[in-house]
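Coordinate inspection notes
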There are 2 protein chains.
Amino acid sequence: MGRENWQMIRDRLSEKIASGSFSPGDRLPTEPELCQLFGAGRHSIRRAVAALAVEGKLRVEQGRGTFVESAPLINYHIGRRTRFRQNLQEQGLAPGGDQIAAEIVPAPARIALALALEEGAAVHRLLNRGLADDVPISIGLSWYCAARFPDFAERRAAGEAVSDIYAAHGVTDYFRRSTTIFARRAEEEEARLLAQHPLLPVLVVQKTDVDEAGRPIGHSEAVWSADRVQFTFDTDPPGAERTDDRRS
Amino acid sequence: MGRENWQMIRDRLSEKIASGSFSPGDRLPTEPELCQLFGAGRHSIRRAVAALAVEGKLRVEQGRGTFVESAPLINYHIGRRTRFRQNLQEQGLAPGGDQIAAEIVPAPARIALALALEEGAAVHRLLNRGLADDVPISIGLSWYCAARFPDFAERRAAGEAVSDIYAAHGVTDYFRRSTTIFARRAEEEEARLLAQHPLLPVLVVQKTDVDEAGRPIGHSEAVWSADRVQFTFDTDPPGAERTDDRRS
DNA sequence: CCGCATTTGTTCGTATGTATT
DNA sequence: TAATACATACGAACAAATGCG
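Named according to an unreviewed UniProt entry, chain A is GntR family transcriptional regulator originating from Haematobacter massiliensis.

Some thoughts on the sheet that holds strand E4 (residues 95–106) of chain A
If you trace the eight strands from one edge of the open sheet to the other, you get E4(A)-E5(A)-E6(A)-E9(A)-E8(A)-E7(A)-E10(B)-E3(B), paired in mixed fashion. The outermost strands of the open sheet, each flanked by one partner alone, are E4 of chain A together with strand E3 (74–78) of chain B. Within this sheet the neighbouring strands show an average axis-to-axis angle of 20 degrees, counted without direction. Pairing geometry for E4 of chain A and strand E5 (residues 122–132) of chain A, over 11 bridges, is antiparallel. Bridging from a neighbouring strand, Gly96 of chain A pairs with Leu131 of chain A of E5 of chain A.

Some details on the packing of aromatic side chains
Within the structure shown, the criterion is met by 23 aromatic pairs over all chains. Judged by centre distance (6.4 Å) and plane angle (45 degrees), the ring pair of Tyr76 of chain A and Phe84 of chain A falls under tilted. A ring pair is formed by Tyr166 of chain A and Tyr174 of chain A, whose centres lie 4.7 Å apart and whose planes are at 75 degrees; its orientation type is edge-to-face. The same class applies to Tyr166 of chain A as to Tyr174 of chain A, namely buried. Taken together, the ring pairs connect Tyr144, Phe149, Phe152, Tyr166 and Tyr174 of chain A into an aromatic cluster. The ring of Trp6 of chain A carries Arg47 of chain A above its face, with NZ or CZ at 4.3 Å from the centroid. Arg83 of chain B extends its terminal NZ or CZ atom over the ring of Tyr174 of chain B, reaching a point 3.6 Å from the ring centre.

Points about the pairing of strand E2 (residues 65–68) of chain B
Residues and elements named next belong to chain B. In E2, alternate side chains face the same way, and those of Gly65 and Phe67 on one face and Thr66 and Val68 on the other are all buried. Here strand E1 (residues 58–61) pairs with E2 via four bridges, running antiparallel. Along E2, the bridge assignment pairs Leu58 with Val68. Hairpin connection from E1 to E2: three residues lie between these consecutive antiparallel strands, with Gly63 at a positive phi of about 85 degrees.

What about the protein's contact with DNA strand C?
In the vicinity of DNA strand C there are 25 residues, among which Asn5, Trp6, Gly41 and His43 of chain A together with Arg46 of chain B approach most closely. For DNA strand C, a phosphate oxygen lies 2.8 Å from a polar atom in the backbone of Gly41 of chain A. A distance of 2.7 Å is found between a phosphate oxygen of DNA strand C and a side-chain nitrogen or oxygen belonging to Arg46 of chain B. Counting only elements with at least two residues in the surface near DNA strand C, the list comes to helix H1 (5–19) and helix H3 (42–54) of chain A together with helix H3 (42–54), E1 and E2 of chain B. Of the residues in the surface near DNA strand C, the class split is four nonpolar, 12 polar and nine charged.

Observations regarding the protein's contact with DNA strand D
Taken together, 25 residues lie around DNA strand D, and Arg46 of chain A together with Asn5, Trp6, His43 and Ser44 of chain B are the ones closest in. The share of sugar and phosphate among atoms of DNA strand D within 4 Å of the protein is 71%. At 3.3 Å, a side-chain N or O of Arg42 of chain A approaches a base nitrogen of DNA strand D. Within the side chain of Arg47 of chain B, an N or O atom sits 3.0 Å from a phosphate oxygen of DNA strand D. Counting residues per element, the ones that place at least two in the surface near DNA strand D are H3, strand E1 (58–61) and strand E2 (65–68) of chain A together with helix H1 (5–19) and H3 of chain B. Element by element, the count of residues in the surface near DNA strand D is highest for H3 of chain B, at four residues. Considering only residue class, the surface near DNA strand D consists of four nonpolar, 12 polar and nine charged.

Some details on the nonpolar core
Ranked by size, the top nonpolar core spans 34 residues in total, and within it Leu203, Trp224 and Phe231 of chain A together with Leu203, Trp224 and Phe231 of chain B carry the most contacts. Setting aside anything within four residues of it in sequence, one finds Leu203 of chain A in contact with Ile181, Phe182, Ala183, Ala222, Val223, Trp224, Ala226, Val229 and Phe231 of chain A together with Phe182, Ala183 and Leu203 of chain B.

Details of the pattern of salt bridges
All names here are of chain B. Within this structure, the stated rule accounts for 35 salt bridges over all chains. The closest approach of N and O atoms between Arg64 and Glu61, which form a salt bridge, is 2.9 Å. On the basis of relative accessible area, Arg64 is assigned to the exposed category, the value being 51%. For Arg155, the salt bridge identified is with Asp151, shortest N-O distance 2.7 Å. Note on Asp151: relative accessible area 24%, which makes it partly exposed.

Notes on unusual backbone geometry
Of note, Ala116 of chain A is a non-glycine position whose phi angle comes to about 60 degrees, a positive value. By the element assignment, Ala116 of chain A lies in the loop between helix H5 (109–115) and E5. Located in the positive-phi region is Ala195 of chain B, a residue other than glycine, with phi close to 55 degrees. With respect to the helices and strands, the residue Ala195 of chain B is situated in the loop between helix H8 (188–194) and strand E8 (201–211). On the basis of relative accessible area, Ala195 of chain B is assigned to the partly exposed category, the value being 41%.

Thoughts on the packing of helix H2 (residues 31–38) of chain B against H3 of chain B
Residues and elements named next belong to chain B. The N-to-C vectors of H2 and H3 enclose an angle of 105 degrees; their axes lie 9 Å apart at closest approach. Between H2 and H3, the angle is such that the two are roughly perpendicular. Of the residues in H3, those touching H2 at Glu31, Leu34, Cys35 and Phe38 are Arg42, Ile45, Arg46 and Val49.

How each quantity is defined
- Residues numbered from 1 in each chain as written.
- Chains lettered and ligands numbered in written order.
- Predicted model: local features only at pLDDT ≥ 70, side-chain atom pairs only at ≥ 80, totals over all residues.
- Heavy atoms only, no water.
- Pairing = 2+ DSSP bridges.
- Helix = DSSP H or I, 4+ residues; strand = E, 2+ residues; numbered from the N terminus.
- Axes fitted to C-alpha atoms, helices over the stretch in contact; angles between N-to-C directions.
- Phe/Tyr/Trp six-rings, centres within 6.5 Å; stacked < 30°, edge-to-face > 60°.
- Buried < 20%, exposed > 50% of the residue type's maximum accessible area, 1.4 Å probe, protein only.
- Lys NZ or Arg CZ within 6 Å of the ring centre and 35° of its normal.
- Near = heavy atom within 4 Å.
- Polar contact = N/O pair within 3.5 Å; in protein donor to acceptor, adjacent residues only side chain to side chain.
- Nonpolar A, V, L, I, M, F, W, Y, C, P; charged D, E, K, R; others polar.
- Core = buried A, V, L, I, M, F, W, Y, C linked by side-chain atoms within 4.5 Å.
- Contact = heavy atoms within 4.5 Å.
- Salt bridge = Lys/Arg side-chain N within 4 Å of Asp/Glu carboxyl O.
- Parallel < 35°, antiparallel > 145°, perpendicular 65-115°, else oblique.

As structure tokens, then:
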């Protein structure tokens, strides 16, 4: 009914965090200490802590302790001309990234379809991580035609922007065609790379880039930390002001 | 290490569901029976079941049992002309809805801003639930200027479509201005209304409708079951074909 | 309407494993 | 190596919700 012992503890703990009794980065008292503090068993304490960890308010590290999380928030604007770097820079954040894996593989059916290639055609398969102010915010699986962009992986690994690599191969301008977005629970590996709790949701964003002629040139499926990012889509040309609030 | 006992049980259970040993709607064996079946304690069983419930594969009901869930999936297209009913009908689903609450209140600051009204101006505050084939898919908190649409709540309660109510007040056409979307864990009340697990994520979609002159006429903040709905945004005018796959 | 059996929910105790310092 | 702290696991008891006679 919302007043079970572990829920009471969860709420009291949450309030202590919100009110500043525990500040971001602080280490919480140990579990035995919390047991005494709240007059409860370790099971109840662990359950309350687990619930707050799922909400992103706490981060638990085995052998070290439990810490209060600080949650920045990024508002990522999506439109026809969306560019990762520009988007972050407009919010005063330093865009960054690192390459996790890169290989050339035969295109799976759905990728071939998205890129308008023959199934099995050689494509780059890149796994990248996006950072904002050195905090991981996304993991992107990207696909590009290997014949059209032979050196894509090398250039990307060297830190070159996607826009610049496109430009080097004659794509002077490009657009985002459609974007599909949904949420699911993070997988273990994703949670690790995003440095977030495994039970926290992630936003999965699938999109295809097309060149000026409308031909698809790249496809990506990115996993975003739902705790750190929200997306805004503008469907009205004149840029009227918006409310950018959240969780209110 | 990914092969703890409860994780093994979770995976074995998941496989049984995927392979059809347990079919959607079936009741699982009771916890003591599962203990014997997997040779584990009740803690491990409950943890495995809880994990699958969070993923939406199982639904647990106190006093009745644990059931295998069936998960339909809706692809909701968002654009300038998005309409709830039309959207669902295009996918062969029966749109529906019920009103949970309706009142006239002074506009809070952010609503007044979104609707271009004075703070405190009288606005309708409607809480509605959206259904697809009688399955709950969204809970929407909507706001409309009470002066401009005096009978909005009554008409809505009577089942009239938003478009028709707009039209009855001289709004012959309207558009969706911007859409903001993010994910978070469902709150208890939301989970109950959406008939989904409290730990499952929901997608929160904030949008503002504007009339032909660009004046805001309605604002809504809807919570969508992330397990049943994905969103697609088209940012490329020509309707090129898309891949509608997911979780692949 | 009541009482009982069934089934899941919560809590405690206790022991052992694993990661960090 | 030892101490600390979180992770996993088993057993047991009682509470709460449901369904049935």
